[in-house]
Amino acid sequence: MHDWEVLFQGVNFERLLGGLWTSFSIALVAVLFSLVVGVPLGIAAASRNRWLRGGFQVYLQAIRVLPPLVLLFVFYFYLSLVTKVNLSAYASAITVFTLWGAAEMGDLVRGAVTSIPKHQYESAAALGLNPVQVQLRIVVPQSVRRLLPQAVNLVTRMIKTTSLVVLIGVVEVLKVGQQIIDVNRFEYPSAALWVYAAVFFMYFAVCYSISKAAAVLERRLA
Amino acid sequence: MDLSTLTEYLPLYAQAAWLTLWVGVAGIALSFVIGVLCAAVRHFRIPVLRNVAGVYVELSRNTPLVVQLFFLYFGLPKLGILISSEQCAVIGLAFLGGSYMAEALRSGLEAVESIQTQSALALGLNPVQTLRHVVLPQAVAISVPALAANVVFLLKETSVVSIVALPDLVYVAKDLIGNDYNTVEALALLVGFYLVLLLPLSLLFAWLERRLRADGRRAKSRAPKTLGSWAVKEAAHA
């Protein structure tokens, strides 16, 4: 049972890390876009305008009711058919996970903003702050404190969810792992055990660190 | 969209939906059992076991189901552990879900203030009665929204079981797209069947949560702090 050596034969380990980077890059880009889209969306969803609030709820529930994989399938297979634009699996994944992430991020922002109690606004107004000052000095700092740990947690959720891209044919870490296993079928017959264990712990190392960072943030800011 | 294609495909999807439902129900039931065990072990601070449970929860929560399934299905046979596709999917779902259930139950147990236990003991209830009549009813009520959310989450997670060669809804859709190029029909049925499975459940749980919250508000305005009202009110914050 020294088949674990397959992990470090040639450039195998680098290749696995490269595969991991493929899915992480999708996650990172999607998280960035989700922030850009989700924050204004969440602020709009926390407003008093019922159309804005209702519209956001419709969007959020429409995204949430289906599994992300089904969204990915619909987008990848259907949209290229209708629009005649041949979007790569990679680009489709970024688009779908941005749609998904923006909804989740929007909901977090909405939750953080609406969790500020009414007396905070009233006290600030009573102290003579104008509406802009109330937002900038009272609402935003408190919302950000509540939002930050949850937003960091959204990054780990995004990383875990982007592992789905293997199902639409993106060559990421599991696919690279499969290739390594197939090439070494005779030399290292039990390579599958070690390669998939390695992938498991790679994901764990990254997500666990980020979760812990979120927990630390939560303690510090609370 | 072609209606005859839809009717032709319908039985295939119905069969696949049963599989999805079966794997989902079995996996969720098992994850609830694991969750109860882990939450109990950690809540009562049982030595060694609580550490095992702690490591398990972190491993399960910080890895994706796809990766867990790949390891179970392709990795474990190399150790001589052969499991069927169905078993693999159920075990994978339970491995993932167990930690989510455990965390939901644990946060419920932790939300019951220690004064509740102290008061119960002071009133002469023994530890078992305290747990049975005072702590558990409140803890479970607090956990319900999180547990319900987990059920929906896990049912959605079953969508990846096609990677362990199970003919679920996604598998059928992909197969039909590849074979017949009837992409629109195949995807419409995929979305339709998932909506049939998930929408009623989501609506039911949303209604349940609203009701719990409304009960909490009403109970709160009625002032005297009974055990029941306290639990429900707290549920709204969970």
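Note that the structure is predicted; figures quoted are calculated from it, not measured.

## Digging into the overall build of chain B
Right, on to step 1. For chain B, the count of helices and strands is nine helices and zero strands.
Right, on to step 2. Ordering the α and β elements of chain B from the N terminus gives α-α-α-α-α-α-α-α-α.
Right, on to step 3. Expressed as a percentage of the 238 residues in chain B, the buried residues total 45%.
Right, on to step 4. Of all intrachain contacts in chain B linking residues separated by at least 6 positions in sequence, the fraction that spans at least 24 positions is 77%.
Right, on to step 5. Counting every atom, chain B has about 11,900 Å² of accessible surface; 66% of that belongs to carbon and sulfur.

## Quick look at the nonpolar core
Right, on to step 1. If you look at the biggest cluster of nonpolar residues, it comprises 107 residues, and the most contacted ones within it are Leu16(A), Tyr13(B), Leu169(B) and Leu190(B).
Right, on to step 2. Among the elements that take part in this core, helix α8 (residues 191–221) of chain A stands out by supplying 13 residues, more than any other.
Right, on to step 3. The next biggest cluster of nonpolar side chains, apart from the first, holds eight residues, and it includes Val109(A), Ala112(A), Val113(A) and Leu154(A).

## Describing the interface of chain A and chain B
Right, on to step 1. Every contact between the two is made by 34 residues of chain A and, on the other side, 36 residues of chain B.
Right, on to step 2. Counting across the interface, chain A meets chain B through one salt bridge.
Right, on to step 3. A salt bridge links Glu58(B) to Lys212(A), with the nearest nitrogen and oxygen atoms 3.7 Å apart.
Right, on to step 4. One can count six residue pairs in polar contact (both at pLDDT 80 or more) joining chain A with chain B.
Right, on to step 5. Taken together, the elements giving at least two residues each to the side of chain A that touches chain B come down to α2 (50–65), α3 (68–83), α7 (173–183) and α8 of chain A.

## Comments concerning the pattern of salt bridges
All names here are of chain A.
Right, on to step 1. What the rule picks out here adds up to ten salt bridges over all chains.
Right, on to step 2. One salt bridge connects arginine 64 with aspartate 107, and the closest N-O pair in it is separated by 3.0 Å. Of the two residues, arginine 64 is situated in helix α2 and aspartate 107 in helix α4 (residues 89–114); the sequence distance between them amounts to 43 residues.
Right, on to step 3. The class of arginine 64 is partly exposed, set by a relative accessible area of 28%.
Right, on to step 4. One connected set of salt bridges, linked through shared partners, spans Arg64, Glu104, Asp107, Arg110 and Arg157.

## Some remarks on the packing of aromatic side chains
Right, on to step 1. Taken as a whole and judged by the stated rule, the model has 16 aromatic pairs over all chains.
Right, on to step 2. Judged by centre distance (5.3 Å) and plane angle (75°), the ring pair of Phe200(A) and Phe201(A) falls under edge-to-face.
Right, on to step 3. What makes Phe200(A) buried here is its relative accessible area of 9%.
Right, on to step 4. Residues Phe200(A) and Phe71(B) carry aromatic rings whose centres are separated by 6.5 Å and whose planes lie at 40° to one another, so their mutual orientation is tilted. Residue Phe200(A) is located in helix α8, and its partner Phe71(B) is located in helix α3 (residues 65–75); the two belong to separate chains.
Right, on to step 5. Following the ring pairs from residue to residue traces out a cluster consisting of Phe200(A), Phe201(A), Phe204(A), Tyr208(A) and Phe71(B).

## A word on the environment of Ala46(A)
Residues and elements named next belong to chain A.
Right, on to step 1. Mapped onto the elements, alanine 46 comes out in the loop between α1 (12–45) and α2.
Right, on to step 2. Each C-alpha atom, one on alanine 46 and one on valine 171, is 40 Å from the other, the two residues being 125 residues apart in sequence.
Right, on to step 3. Beyond its immediate stretch of four places on either side in the chain, alanine 46 contacts Arg110, Val113 and Thr114.

## Details of a nonpolar patch on the surface
Right, on to step 1. A cluster of nonpolar side chains, contributed by Leu32(A), Phe33(A), Leu35(A), Val36(A) and Val37(A), occupies part of the molecular surface with about 450 Å² of accessible area.
Right, on to step 2. Turning to its location among the elements, Val36(A) is positioned in helix α1.

## Some remarks on the layout of surface pockets
Residue and element names in this part refer to chain A.
Right, on to step 1. Space inside the second largest pocket adds up to approximately 880 Å³.
Right, on to step 2. As for the second largest pocket, its lining consists of 29 residues, of which Ala46, Val113, Tyr121, Gln135 and Val139 are closest to the centre.
Right, on to step 3. Of all elements in the fold, only α1, α2, α4, α5 (118–126) and α6 (131–161) reach the threshold of two or more residues within the lining of the second largest pocket.
Right, on to step 4. At ten residues, the largest contribution of residues to the lining of the second largest pocket is made by α6.

## Overview of the packing of α3(B) against helix α4 (residues 85–111) of chain B
Residue and element names in this part refer to chain B.
Right, on to step 1. Where α3 meets α4, the closest approach of the two axes is 9 Å, and the angle between their N-to-C directions is 135°. As far as their axial angle goes, α4 and α3 are oblique. Crossing of α3 against α4: the hand is right-handed. Judged by residue contacts, Leu65, Gln68, Leu69, Leu72 and Tyr73 of α3 engage Ser85, Cys88, Ala89, Ile91, Gly92, Leu93, Phe95 and Leu96 from α4.
Right, on to step 2. Residues belonging to the contact of α3 with α4 are distributed by class as follows: ten nonpolar, three polar and no charged.

Rules and cut-offs
- Residues numbered from 1 in each chain as written.
- Chains lettered and ligands numbered in written order.
- Predicted model: local features only at pLDDT ≥ 70, side-chain atom pairs only at ≥ 80, totals over all residues.
- Heavy atoms only, no water.
- Helix = DSSP H or I, 4+ residues; strand = E, 2+ residues; numbered from the N terminus.
- Buried < 20%, exposed > 50% of the residue type's maximum accessible area, 1.4 Å probe, protein only.
- Contact = heavy atoms within 4.5 Å.
- Areas by Shrake-Rupley, 256 points an atom, 1.4 Å probe, with all protein chains shown as cover.
- Core = buried A, V, L, I, M, F, W, Y, C linked by side-chain atoms within 4.5 Å.
- Salt bridge = Lys/Arg side-chain N within 4 Å of Asp/Glu carboxyl O.
- Polar contact = N/O pair within 3.5 Å; in protein donor to acceptor, adjacent residues only side chain to side chain.
- Phe/Tyr/Trp six-rings, centres within 6.5 Å; stacked < 30°, edge-to-face > 60°.
- Patch = residues over 30% accessible without salt bridge, like charges linked within 9 Å, V, L, I, M, F, W, Y side chains within 5 Å.
- 1 Å grid on protein atoms, 1.4 Å probe; cavity = no way out; pocket = protein on both sides within 12 Å on 5 of 7 lines; lining within 4 Å.
- Points joined across faces, edges and corners; volume = space filled by probe spheres on them.
- Axes fitted to C-alpha atoms, helices over the stretch in contact; angles between N-to-C directions.
- Parallel < 35°, antiparallel > 145°, perpendicular 65-115°, else oblique.
- Left-handed = near helix turned anticlockwise from the far one by under 90°.
- Nonpolar A, V, L, I, M, F, W, Y, C, P; charged D, E, K, R; others polar.

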